[in-house]
Every structure is written in structure tokens, then in C-alpha cells.
Amino acid sequence: MKIKMNRAVMAGIVLLLLENGVVPWLVPVEWSGRLVPHLTFVLTVLVASFAGRHRAFLFGLGFGLIGDILYYGNLIGPYAFGMGLVGYAAGLMLERGIPTLASVLGATAAGSLALSTIVYMIYRLFRLTNWSYGYAFYWYMAPSLLLEILIALALYLPARRLLFKQPGSSGEESPL
Amino acid sequence: MMRNKRLFILMIGLILFIAVMGFTLGRNRLTWPEKFINDALGTVQGALYRPVGAVAGFFGDLGRLSDVYNENKQLRQTVARYAQDQLKYNFIEAENERLKTELEFKEKQKQLYRYRFLIAQVIGNATNPLDRTIKIDLGARDGIQPRMAVTTTDGLVGLVSRVSEFTSTVEPITQINPESPKGVQIASTVFGKESESFGIIDSFDQQTGMLQMTKIDENDKMAPGDKVITSGLGNVFPRGLMIGTLMNRQVGDFGLTQKANVKPAADFDHLREVFVVVVPEVAGQ
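It should be emphasised that the depicted structure is a prediction, and the values quoted were computed from it without experimental measurement. (Residues numbered from 1 in each chain as written. Chains lettered and ligands numbered in written order. Predicted model: local features only at pLDDT ≥ 70, side-chain atom pairs only at ≥ 80, totals over all residues.)

This paragraph deals with the overall build of chain A. Along its length, chain A carries 7 helices and 2 strands. Seen in sequence order, chain A has helices and strands lined up from the N terminus as β-α-α-α-α-α-α-α-β. At 16 Å, chain A has a C-alpha radius of gyration in line with the 16 Å of a compact globule built from 176 residues. Seen through its C-alpha atoms, chain A measures out along the principal axes to roughly 55 × 30 × 25 Å. Residues classed as buried in chain A amount to 50% of the 176 residues present. (Helix = DSSP H or I, 4+ residues; strand = E, 2+ residues; numbered from the N terminus. Rg over C-alpha atoms; globule rule 2.2 N^0.38 Å. Buried ≥ 20, exposed ≤ 12 C-beta atoms within 10 Å, placed from the backbone.)

In terms of nonpolar packing, the biggest core is built from 58 residues, with Val 42, Val 45, Leu 46, Val 47, Ala 56 and Met 83 of chain A touching the most fellow members. When contributions to this core are tallied by element, the ones reaching two or more residues are helix 1 (5-21), helix 3 (39-51), helix 4 (53-70), helix 5 (78-94), helix 6 (101-125) and helix 7 (133-163) of chain A together with helix 1 (2-24) of chain B. It is helix 3 of chain A that contributes the most residues to this core, 10 residues altogether. Those residues in contact with Val 42 of chain A, other than ones at most four positions away along the chain, are Thr 108, Glu 148, Ile 151, Ala 152 and Leu 155 of chain A. Among the nonpolar cores identified, the runner-up in size contains 43 residues, and Ile 123, Ile 136, Ile 243 and Val 277 of chain B belong to it. (Core = buried A, V, L, I, M, F, W, Y, C linked by C-beta atoms within 7 Å. Contact = placed C-beta atoms within 7 Å.)

Turning next to the packing of helix 6 of chain A against helix 7 of chain A. Residue and element names in this part refer to chain A. For the pair helix 6 and helix 7, interaxial distance at closest approach is 9 Å and the crossing angle is 150 degrees. As judged from the angle between their axes, helix 6 and helix 7 are roughly antiparallel. At the point where helix 6 passes helix 7, the crossing takes the right-handed sense. Contact residues: helix 6 offers Leu 101, Val 104, Leu 105, Thr 108, Ala 109, Ser 112, Leu 113, Ser 116 and Tyr 120, while helix 7 offers Tyr 133, Ala 136, Met 141, Ser 144, Leu 145, Glu 148, Ile 149, Ala 152, Leu 153 and Tyr 156. Split into classes, the residues belonging to the contact of helix 6 with helix 7 amount to 14 nonpolar, 4 polar and 1 charged. (Axes fitted to C-alpha atoms, helices over the stretch in contact; angles between N-to-C directions. Parallel < 35°, antiparallel > 145°, perpendicular 65-115°, else oblique. Left-handed = near helix turned anticlockwise from the far one by under 90°. Nonpolar A, V, L, I, M, F, W, Y, C, P; charged D, E, K, R; others polar.)

The UniProt feature table records "transmembrane region" (unreviewed entry) at residues 34-51, 56-73, 101-123 and 135-157 of chain A. Between the C-alpha atoms that bound residues 135-157 of chain A the distance is 34 Å, and the span itself is 100% helix and 0% strand. (UniProt positions renumbered as here; feature names shortened; annotations may be inferred.)

Backbone geometry places Arg 127 of chain A, a non-glycine residue, at a positive phi of 55 degrees. If you trace the backbone, Arg 127 of chain A turns up in the loop between helix 6 and helix 7. We note that His 270 of chain B has phi near 55 degrees; this positive angle belongs to a residue other than glycine. Among the structural elements, His 270 of chain B can be located in the loop between strand 11 (258-264) and strand 12 (273-278).

All right, on to the interface of chain B and chain A then. Counting residues at the interface gives 37 residues for chain B, matched by 35 residues for chain A. Contributions of two or more residues to the side of chain B that touches chain A are made by helix 1, helix 2 (32-62), strand 1 (116-125) and strand 5 (168-172) of chain B. The dominant element in the side of chain B that touches chain A, judged by the number of residues it contributes, is helix 2 of chain B, at 12 residues. Its residues placed into classes, the side of chain B that touches chain A shows 14 nonpolar, 15 polar and 8 charged.

This next bit is on the pairing of strand 7 (residues 199-205) of chain B. All names here are of chain B. Looking at chain direction, strand 6 (residues 186-190) and strand 7 are connected through 3 bridges and run antiparallel. Considered in strand 7, the bridge of Ser 188 is made with Gly 199. Bridge count for strand 7 against strand 8 (residues 210-216) is 5 bridges, and the pairing is antiparallel. Bridging from a neighbouring strand, Asp 205 pairs with Met 210 of strand 8. Where strand 7 folds back on strand 8, the antiparallel hairpin that results is connected by 4 residues, among which Gly 209 adopts a positive phi of roughly 70 degrees. (Pairing = 2+ DSSP bridges.)

On to helix 5 of chain A. Counted at 1.5 Å a residue, the expected span for helix 5 of chain A with its 17 residues is 24 Å, and the 24 Å between its end C-alpha atoms agrees. Counting buried positions along helix 5 of chain A yields 14 of 17 residues, so the element is predominantly enclosed. (Expected span 1.5 Å × (residues − 1).)

For the rest of this paragraph, the subject is the domain arrangement of chain B. Frequently, the measure chosen for interface size is the accessible area that the parts lose on association. Under the domain assignment used here, chain B contains domain 1 (64-109) and domain 2 (186-264). Between the C-alpha centres of domain 1 of chain B and domain 2 of chain B the distance comes to 32 Å. (Domains from an automatic or database assignment.)

What follows is the structure in C-alpha cells.
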């Protein structure tokens, strides 16, 4: 499938704004800091499944970097690195064969875990956090992962319809 | 050959990223591309974050309608009292102003501890749980500088960490960590015993939600329930800002000094409006 690049980039920017501006309000107070879905990451996985690893790599790298710069706390780069790498890896896995809903959700789950682990490792490496991995997993990785799967589920159909051109078909009746 | 090339690119990429991360670690200045991204996206984000906050606040308020009724009753009584006091206050203020000028207060003394509070709207939250910064809609153009303190009406929130033209990034005090290369520590004391109490707040425990105060002298008079405020020593945080309540106090790690848990007064979630504290510049500093 071919990607509609302008629309996809616009969608990425909108998701980035939603991610930091709207989502924090929707998360109840008791869960803030624990439920932190990365919408641009979900988009990266969708791009990986429909448009291949190279595009996904660029999307992950670009939106990760913008996110890093916008909320520059201690260092720039963890999300750019993690999302670029995960996007590429997801593309490598999903490229072969037709992407199905199950494989996209599976890639979101595995990728989310990989991304948060990479970011955690980097923070650990630079001694910026003293949380143990188990605690970090329980505190925010697992809840965010589940939420990201749900978001991927919600975004799957609209993204496929709006952001990608179906190869040689006029309608949208390709199998899920 | 192809495999080797890919591996090579991956290695170069890895090295590059580690270099970028190391380079951006503990740096205060922003280069112009960073400022550009901050300002461009930050401004748009503000247009999104605030209305959503207002809507969320509205629904929160609906739930508290019965409280509002009682509160309204109390407020009406207060207003009645206020109207009386206003008359008295106007009179006293005029008199005070006159006396001050008559006494020829030096400009420096007049300014001392009279902080200016700039009202800032929060325009976004970081989604990195390990590095939870917030973004505000004031920047260098409004006179914000790095390391200014940020508070809410309840208490201290954090420090301005990075400033671009129209927006800045605030690092909350829940982020302080004694091992961090920045090494921000809060010199603090206790309200009402400012001259005889001292401790350093240098870490935050996520699991209990408490700030840790260390280096308290054994003979210090602070006790659980006391209000902890900044002491102004160390020149990072201005003096007299509310931090929280002292919860308990115990013997420190080495037995020489004591440590304590402080419950922060500010609520760090769903922030909408914060104040940046501007300390008036004192001549000769």
C-alpha cells in the first residue's frame, strides 16, 4: 500500500498535540503519570504495517525527536532513538504479507514494551532515575501498553482508510 | 556486503544518539531549532490544552454543586465583612504609603522579598513518565529566565528549566534526584521557626508521594505538622515559598543528622495556572 504522505504527517502532528494537550485531561488524577499513551508511537506502528520499515523509521525518528525537544527534561534523544528503532523493527516484521489487525495489535504491544524499556534503559544508563525495572513496569509501562493497544484498535480503520492508498482497488473491501 | 553495511549504519546511529544524549544532558541553553519547535508547537498546543482543561474543570465542578451552595453562603458573609474592611484598608494603605515615603525607605529595602508573580497558563504535559516536565505559555519575551521558581496558590511546583521565546519548560520538584547531574536541592526551613530550623530537600519518593528532607540537625525544633517553606539559602529558590507539611522525622542514614518526609502542598496533576516567581534585582548583586 502507498502512503499519503501529507495526510500522514498532518495526522502525526495532530496526534502529537492531542498526546500532550488533551490526553492528560482525559486521564483521571489517580492515573496521571501511569497512563501515558504515545499516540505518535501508535501511528508509527500503523505506518510500519502499511508503508514499510523505511517510512516507519523516519516517522518514529521525526516525531520522537519533536516530542523530545518539546518536553526537554534531562536529555534529547531517547524517544527519537527508541521510536526510530521500534518503527524499523516493526516494519521489518510486518512488511511480509498483508497486515492484519491482530498482527498490528501484536506489534503495538511488543513495540510499546520495547520502547518503554529502551527509554528506561537510557535513563538508567545516565543515572536519571532510581526506579527498579519491575516497579517502572508495574507503575506505567503495563498500563500504558494496554491503553496503546486500545488506541491502535481505534485508529486502525480510520488510518487505513484515510492515510493509505489501496493497491489497485476502488473500494475499501480488502480483508482485515 | 549488504548486511555489513546495515550493521555499520546501525553502529554509527547508535554512537550518534549516545553522543546527542550525552551532549544535551545537563545543558541549560537552547539552540534556535529547538526554540523554533518549542514556540511553534507550544503555541498551538496552548490553544488546545486550555479549552480542554476548562471543559474538564466544568464537569468536575458539576459534581460539586452542593458544596458550592454552602460555599456561596459563606462567601456572602465574607463579602459583607470584606466591604467593611475595604474602607478600613484603603485608609490604612494611604496612611502607610505616606508614612513610608516620609521615612524615605531605600529602594532596595522596599523591594526586598517583594516578589513579582507572573501568571502563566500551562499548555502541555510531557508524556515521558520518567521525566515529567510541563510547559507554560511565558517565555524569554515575558522576562522568564532559567531557574526561576514556579508555584501554584498551594505551594512550590518546580523550577523553570528551559526558556524559548514564547514558552518555557518547567521541571517539577517531584523530579529532583540526588544522583542527577543537575543536582537541584531545596534549602528549606519551617514556618515560624525560620532562624532555628534547616534541612535540605533532595529527593522525591514516587511510591509514597513524599519529598525527602535530609541533613536536619539533631537539636532542630521542627516537628511533624509544621509547614515547610524554602529558606532562600543557596540562592536557587527564593525565600518563603510554601513546600508542604512535615509528616515524620527519623534518624538519618549515618546517624549524625536526621531526615524527614515532607508531603508536598501543590498538586502536580492537571495543572492549569501557575505563578512564576520573579525576584526583584537588588543593586550590587
